[in-house]
Amino acid sequence: GVHVHVGTTLGTVEHVNCLIDLLIELEATGSLPVKASRLEFARFMDRAFVDAFLAARPCSFEELWPRWYGTTDYRPRMRDRFDKSRFRGLNLHSLPFRGTIEFRYFDGTIDASRIHDHVDLCIELVERAGFPPIGEES
């Protein structure tokens, strides 16, 4: 599949929260270009995470990570580059590793216009969530 990484080094947990809000809605309404064959490697956010997120919006990354990983003992999982949490359409696992948010919703392609559309969609989502552009002060 096509994986799009968007740099978010200046993003706060509230920016991530806003992105999660957007994607909860888009995943629930089927508004993302995801084929069933992609769901093995690009699952939607699991219900337990969504419920915990909606019940108490994280105020810090220290509050977000236990919900994302589904455990209070999340630090070993954060250090595991290949943790299973990365197999979601929205991959926050890459944030501590690369300072990026990864979007894995898209089928593989060599069609440049489709890849361009995927990148544009991801940038639009990050901008709608309010992330500051790379190179700007937060």
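Predicted, not measured: the structure shown is a model, and the values here were computed from it. (Residues numbered from 1 in each chain as written. Predicted model: local features only at pLDDT ≥ 70, side-chain atom pairs only at ≥ 80, totals over all residues. Heavy atoms only, no water.)

What follows deals with the pairing of strand β1 (residues 2-7). Burial along β1 is one-sided: the face carrying Val2, Val4 and Val6 is buried and the face carrying His3, His5 and Gly7 is not. Bridge count for β1 against strand β3 (residues 100-106) is five bridges, and the pairing is antiparallel. Across the sheet, Val4 pairs through a bridge with Phe103, a residue of β3. (Buried < 20%, exposed > 50% of the residue type's maximum accessible area, 1.4 Å probe, protein only. Helix = DSSP H or I, 4+ residues; strand = E, 2+ residues; numbered from the N terminus. Pairing = 2+ DSSP bridges.)

Quick reminder: α-helices carry 3.6 residues per turn. Residues three or four places apart thus point the same way. Helix length check: helix α6 (residues 112-128) (17 residues) gives 24 Å between terminal C-alpha atoms against 24 Å at 1.5 Å per residue, within 8%. For α6, the full list of buried residues reads His118, Cys122, Leu125 and Val126. For α6, the angular spread of buried residues about the axis comes to 100°, placing them on one side. Projecting away from the buried face of α6 at angles above 90 degrees are the exposed residues Ala112, Glu127 and Arg128. In this structure, the buried residues of α6 make contact with β1, α1 (13-29) and β3. A positive backbone phi angle near 90° is found at Gly130, which sits one or two residues after α6. (Expected span 1.5 Å × (residues − 1). Arc of directions from axis to C-beta. Contact = heavy atoms within 4.5 Å.)

Right, let's talk about the nonpolar core for a bit. Counting residues in each nonpolar core, the largest one holds 32 residues, and the members touching the most others are Ile20, Leu23, Leu90 and Phe103. For this core, the secondary-structure elements that each account for two or more residues are β1, α1, α2 (47-55), α3 (61-69), β3 and α6. In terms of residues, this core owes the most to one element, α1, which gives eight residues. Contact partners of Ile20, with chain neighbours within four places excluded, come to Met45, Phe49, Phe53, Leu64, Leu90 and Leu92. (Core = buried A, V, L, I, M, F, W, Y, C linked by side-chain atoms within 4.5 Å.)

Turning our attention to the packing of aromatic side chains. Under the counting rule described, the total for this entry stands at six aromatic pairs. With 6.0 Å between their ring centres and 45° between their planes, Trp65 and Tyr69 make a pair best called tilted. With Trp65 and Tyr69 both in helix α3 and four residues apart, this pair spans about one turn of that helix. Plain terms: the ring middles of Tyr105 and Phe106 are 6.4 Å apart, the flat faces sit at 70° to each other, and that makes the pair edge-to-face. Assessed through its relative accessible area of 1%, Tyr105 is described here as buried. Classification of Phe106 by relative accessible area gives buried; the value is 1%. A connected cluster of aromatic rings, assembled from ring pairs, spans Phe44, Tyr105 and Phe106. (Phe/Tyr/Trp six-rings, centres within 6.5 Å; stacked < 30°, edge-to-face > 60°.)

Right, let's get into the pattern of salt bridges. Throughout the structure, instances matching the rule amount to six salt bridges. Residue Asp107 is joined to Lys35 by a salt bridge in which the shortest nitrogen-to-oxygen separation is 3.3 Å. Here Lys35 lies in the loop between α1 and α2 and Asp107 lies in the loop between β3 and α6, a separation of 72 residues in the sequence. Judged by relative accessible area, Asp107 falls into the buried class, the value being 15%. (Salt bridge = Lys/Arg side-chain N within 4 Å of Asp/Glu carboxyl O.)

Glancing now at the side chain of Ser94. Counting through the fold element by element, Ser94 comes out in helix α5 (residues 94-98). The class for Ser94 is buried, based on a relative accessible area of 2%. At a separation of 2.7 Å, a polar atom in the side chain of Ser94 contacts the main-chain carbonyl oxygen of Thr100. The contacts of Ser94, once residues within four sequence positions are left out, are His5, Gly99, Thr100, Ile101 and Glu102. (Polar contact = N/O pair within 3.5 Å; in protein donor to acceptor, adjacent residues only side chain to side chain.)

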